[in-house]
Amino acid sequence: KAGVTQTPRYLIKTRGQQVTLSCSPISGHRSVSWYQQTPGQGLQFLFEYFSETQRNKGNFPGRFSGRQFSNSRSEMNVSTLELGDSALYLCASSPAGTRDEQFFGPGTRLTVL
Amino acid sequence: TQLLEQSPQFLSIQEGENLTVYCNSSSVFSSLQWYRQEPGEGPVLLVTVVTGGEVKKLKRLTFQFGDARKDSSLHITAAQPGDTGLYLCAGAGIQGAQKLVFGQGTRLTINP
């Protein structure tokens, strides 16, 4: 089985712009979660989607949003980028349920200038 | 406030030595997972512990879940350079909380 894929792998944007990141989960996995990883804060949960519905949400501002499509692929969007949004954004999929192990993609490295 | 505290944050030791990484919380978890992350990659699941007092072994790695399901440890015997990486613990199942809560991680370097 192919693993979780994320595109693009690297992205450079400037403050005020918006960005869309994409994630394709492992085939058959219906849950997709997004995380932000920074050296200072570590891995922080953004949100989780299951069957096209947001099931859980972390403590991030409304500039961070996401969606899931019928084929379980997911996108996350960050609007009005700030310097502090520079981070590694990780997508993880799991088969189902609320406590399944997470299978992570390689991440998208976002740099905001 | 970190729900899961990992210690130490950084550890650099010589090949062949033993080490233990700790993951502590004041909260009870239904399960706890350990991941390893290497540069340029996402975290990879190593093990999940579910029962209080549970011990799991993965070659030279031994994982233990505390009796009260609030803490866990990872012990590596005879560390090798290939063990180098960021080790993350993650707790699941806190009532009303997000899906997984991650610790800050322990950055381990094994010197040949």
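Higher on the page you've got the structure.
Quick caveat, the model's predicted, so the values are computed rather than measured.

Before going further, it helps to examine the layout of surface pockets. Its boundaries defined by the atoms lining it, the largest pocket holds a volume of some 480 Å³. Residue lining of the largest pocket: 23 residues in total, with Q37 and P39 of chain A together with Q37, L86 and R107 of chain B positioned closest to the centre. For the lining of the largest pocket, the elements supplying multiple residues, two or more each, are β4 (31-38) and β5 (42-50) of chain A together with β9 (85-92) of chain B. Its residues assigned to classes, the lining of the largest pocket comprises nine nonpolar, nine polar and five charged.

Take the state of the cysteines next. Residues and elements named next belong to chain B. Per the stated rule, a full pass over the model turns up two disulfides over all chains. Covalent S-S linkage joins C23 and C89, the inter-sulfur distance amounting to 2.0 Å. What sets the handedness of the C23 and C89 disulfide is the S-S torsion sign, and at about 80 degrees it is right-handed. In this pair, C23 sits in strand β3 (residues 19-24) while C89 sits in strand β9, placing the two residues 66 residues apart along the sequence.

Cut-off values and rules
For every chain, the first residue of its written sequence is number 1, and the numbers climb from 1 along that sequence. Just so you know, chain letters begin at A and ligand numbers begin at 1, following the order they were written in. In keeping with the model being predicted, local features are shown solely for residues with a pLDDT of at least 70 and side-chain atom pairs are shown and tallied solely at 80 or more, while totals for entire chains, interfaces and linings include all residues. Only hydrogens and water are removed before side-chain values are computed, so all heavy atoms of the structure are retained for them. Of the two site types, the cavity is a set of points on a 1 Å grid over the protein atoms alone where a 1.4 Å probe fits but cannot get out, and the pocket is an open set with protein on both sides within 12 Å along at least five of seven lines, each lined by residues with an atom within 4 Å of a point. Grid points are joined across faces, edges and corners, and a volume is the space filled by probe spheres set on the points. Elements are defined by DSSP. Helices are runs of H or I of four residues or more, strands are runs of E of two residues or more, and each kind is numbered from the N terminus. Three classes are used: nonpolar for Ala, Val, Leu, Ile, Met, Phe, Trp, Tyr, Cys and Pro, charged for Asp, Glu, Lys and Arg, and polar for all others, with Gly counted as polar. Here, two cysteine sulfur atoms that lie within 2.5 Å of each other are counted as a disulfide.

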